[in-house]
Amino acid sequence: MSELRPVPATDREACQRMLQYAFAPETGPVTPEPDSDWPPSLFDQRGLYDDDSLRAVCKLYYLDTTVRDEAATVGGLGAVATPPEYRGQGYAADLCRHALHEYREADVGFVTLWPFSTPFYRRLGWGTANTYHRYDLPPSALPDHSTAGQLVRLDADDWERLRRVETASAAGAALSLRRSEAWWRERTLADWDDDGVPYCYGYERDGDLRGYVVYTVADDADHTLSATQFAAADEEGRRALFAFLGTHGAQIERVTLQLPPDADLLHRVDDPGAVDCTVEAGPMVRLTDISHLERLDWPDTDLACTLSVSDPLLDRNDGLFRLTVENGSASVDSVANRNEPPSADVSVDIATLSQLAVGTHGVDAAARVAGLEIRDDSVRDPLATVFQSEPVYLAEFF
């Protein structure tokens, strides 16, 4: 029987070997030198043990964010790794099942992850939370705006100012991070992935920070400037940051930017043909327990329907449920003696239900492109009123 446990210091080297093989096999069969205390501060290291043999590892993050415009703690499942000699034996699925149980016990209703394979995690009940746009362009293509403020160099000691801009920039977007001081110091503004310590510049006016950009410059043929974080509290800050990146034409030949789908950069530049823009799938999300729907704020409408839910990983979410929404509050009750699926008003898989819950899809989109089937058309309109889509944007990799 497999069991998920904290990884003790005695298994630290074995854990690092698994992570190195999974995410940096080109470095060869070496174990990185320890560079921090154990256990780590930003996440909980977990190992899947079969008896006392370590079979797989992962990191459990607890992320401060919002869901349905309310503050929430969301799980972040990261660095899931199984060595090749144990792959194909179901250990990754077991690890995910145990991790979801631990999050549920900690009263965490949603778990996000950045997938190494979207189809793999889709089969385990995760659905894509959001997409993002990646732009690649010469710095000369960026719009050059005149602004009244100034650009200033920032570092981790400015984390509180940075966080205020982060919060203002992400207002209204579900799953957007509210980074802690430790996260700013040890992750966002640190060389945690061996790509170098990033630069951080901010735009301020009258001493008020209105935007920031975090970036690295690669030692490649184009000396590519890669902006990993771009946040502005208002339009003036956004314009100032675009202009700032455009001033690097004497040093670099390419700028890459990761921005939310509504960033409209192609409409800002004079020559859209000089810009390469790709839409990419971002992180994935899933519910730990259907009953967590009761914790969310819903529109003031009435809904009563039965849901036939399929969950490939968690039996507690696999069955027939009665969903009732009244006065902005929901109740979810398991229906004993589950009938055949056709008796349900709605059929939905847990991945699609999770997307509906955070706002990735509204009902029409979920029925069109995901796993929602409405069997009783009388519930369509009230269901659409409850599960309205909203912006979702979790940008930082973990």
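See above for the structure.
This section reports on the structure supplied with the text. (Residues numbered from 1 in each chain as written. Predicted model: local features only at pLDDT ≥ 70, side-chain atom pairs only at ≥ 80, totals over all residues. Heavy atoms only, no water.)

## Thoughts on helix H2 (residues 91-105)
Next, step 1: The end-to-end C-alpha distance of H2, which contains 15 residues, comes to 21 Å, matching closely the 21 Å that a straight helix rising 1.5 Å per residue would cover.
Next, step 2: What H2 keeps buried is the set Tyr91, Ala92, Ala93, Leu95, Cys96, Ala99, Leu100 and Tyr103.
Next, step 3: Positive phi appears at Asp107, one or two residues downstream of H2, with a value of about 70°. (Helix = DSSP H or I, 4+ residues; strand = E, 2+ residues; numbered from the N terminus. Expected span 1.5 Å × (residues − 1). Buried < 20%, exposed > 50% of the residue type's maximum accessible area, 1.4 Å probe, protein only.)

## What about helix H5 (residues 181-188)?
Next, step 1: Buried within H5 we find Trp183, Trp184, Arg187 and Thr188. Axial view of H5: buried residues confined to an arc of 110°, hence all on one face.
Next, step 2: Those residues of H5 that are buried are in contact with strand E3 (53-67), helix H4 (159-169), strand E10 (208-217) and strand E11 (225-232). (Arc of directions from axis to C-beta. Contact = heavy atoms within 4.5 Å.)

## Quick word on empty space enclosed by the protein
Next, step 1: Summed over all chains, the structure comprises one cavity of 30 Å³ or more.
Next, step 2: Roughly 50 Å³ of internal volume is contained in the largest cavity.
Next, step 3: If you go around the largest cavity, the residues you meet are Leu307, Leu323, Val346, Val348, Leu353, Leu356, Leu372, Leu383 and Phe387.
Next, step 4: Elements with a contribution of two residues or more to the lining of the largest cavity: strand E18 (346-349) and helix H8 (350-358).
Next, step 5: Split into classes, the residues belonging to the lining of the largest cavity amount to nine nonpolar, no polar and no charged. (1 Å grid on protein atoms, 1.4 Å probe; cavity = no way out; pocket = protein on both sides within 12 Å on 5 of 7 lines; lining within 4 Å. Points joined across faces, edges and corners; volume = space filled by probe spheres on them. Nonpolar A, V, L, I, M, F, W, Y, C, P; charged D, E, K, R; others polar.)

## Brief notes about the sheet that holds strand E1 (residues 2-6)
Next, step 1: Taking strand neighbours across the sheet as the criterion, the seven strands line up as E1-E2-E3-E4-E5-E14-E6 in an open arrangement whose pairing is mixed. A single partner strand is all that each edge strand has here, and the edge strands are E1 and strand E6 (127-128).
Next, step 2: Here E6 runs beside strand E14 (residues 284-287); their pairing, made up of two bridges, is antiparallel. Bridge assignment links Thr128 to a residue of E14, and that residue is Met284.
Next, step 3: Set on the sheet, helix H1 (residues 12-23) makes contact with strand E2 (44-50), E3 and strand E4 (70-81); between it and E3 the angle comes to about 75°.
Next, step 4: Its contacts with the sheet place H8 against E3, strand E5 (110-113), E6 and E14, and it is angled at close to 100° to E14. (Pairing = 2+ DSSP bridges. Axes fitted to C-alpha atoms, helices over the stretch in contact; angles between N-to-C directions.)

## With respect to the environment of Gly359
Next, step 1: Looking at the secondary structure, you find Gly359 in the loop between H8 and helix H9 (363-369).
Next, step 2: Residue Gly359 is classed as buried on the basis of its relative accessible area of 0%.
Next, step 3: Setting aside its immediate chain neighbours within four residues, Gly359 contacts Arg68, Gln388, Ser389, Glu390 and Val392.

## A closer look at unusual backbone geometry
Next, step 1: Not every positive phi belongs to a glycine, and Arg68 is a case in point at roughly 55°.
Next, step 2: Looking at where Arg68 falls in the secondary structure, it is placed in the loop between E3 and E4.
Next, step 3: Its identity as a non-glycine residue notwithstanding, Asn327 has a phi of 50°, on the positive side.
Next, step 4: The topology assignment puts Asn327 in the loop between strand E16 (319-326) and strand E17 (329-334).

## Considering the packing of H4 against H5
Next, step 1: Across the interface, H4 lies against H5 with an axial gap of 9 Å and an inter-helix angle of 100°. Judged by the angle between their axes, H4 and H5 are roughly perpendicular. On H5, the residues that touch Trp159, Leu162, Arg163 and Glu166 of H4 are Glu181, Trp184 and Arg185.
Next, step 2: Looking at the contact of H4 with H5 residue by residue, the class counts come to three nonpolar, no polar and four charged. (Parallel < 35°, antiparallel > 145°, perpendicular 65-115°, else oblique.)

## Observations concerning the pattern of salt bridges
Next, step 1: On inspection of all chains with the given rule, the structure shows 28 salt bridges.
Next, step 2: In this structure, the salt-bridge partner of Glu235 is Arg238, at a minimum N-O distance of 2.8 Å. In this pair, Glu235 and Arg238 are both assigned in helix H6 (residues 235-246), three residues apart and thus about one turn of the helix distant.
Next, step 3: Taking relative accessible area as the criterion, Glu235 reaches 29% and is therefore assigned partly exposed.
Next, step 4: For Arg238, a relative accessible area of 25% corresponds to the partly exposed category.
Next, step 5: The closest approach of N and O atoms between Arg268 and Asp264, which form a salt bridge, is 2.9 Å.
Next, step 6: Assessed through its relative accessible area of 34%, Asp264 is described here as partly exposed.
Next, step 7: One continuous salt-bridge network, built from bridges that share partners, spans Glu235, Arg238, Arg239, Asp264 and Arg268. (Salt bridge = Lys/Arg side-chain N within 4 Å of Asp/Glu carboxyl O.)

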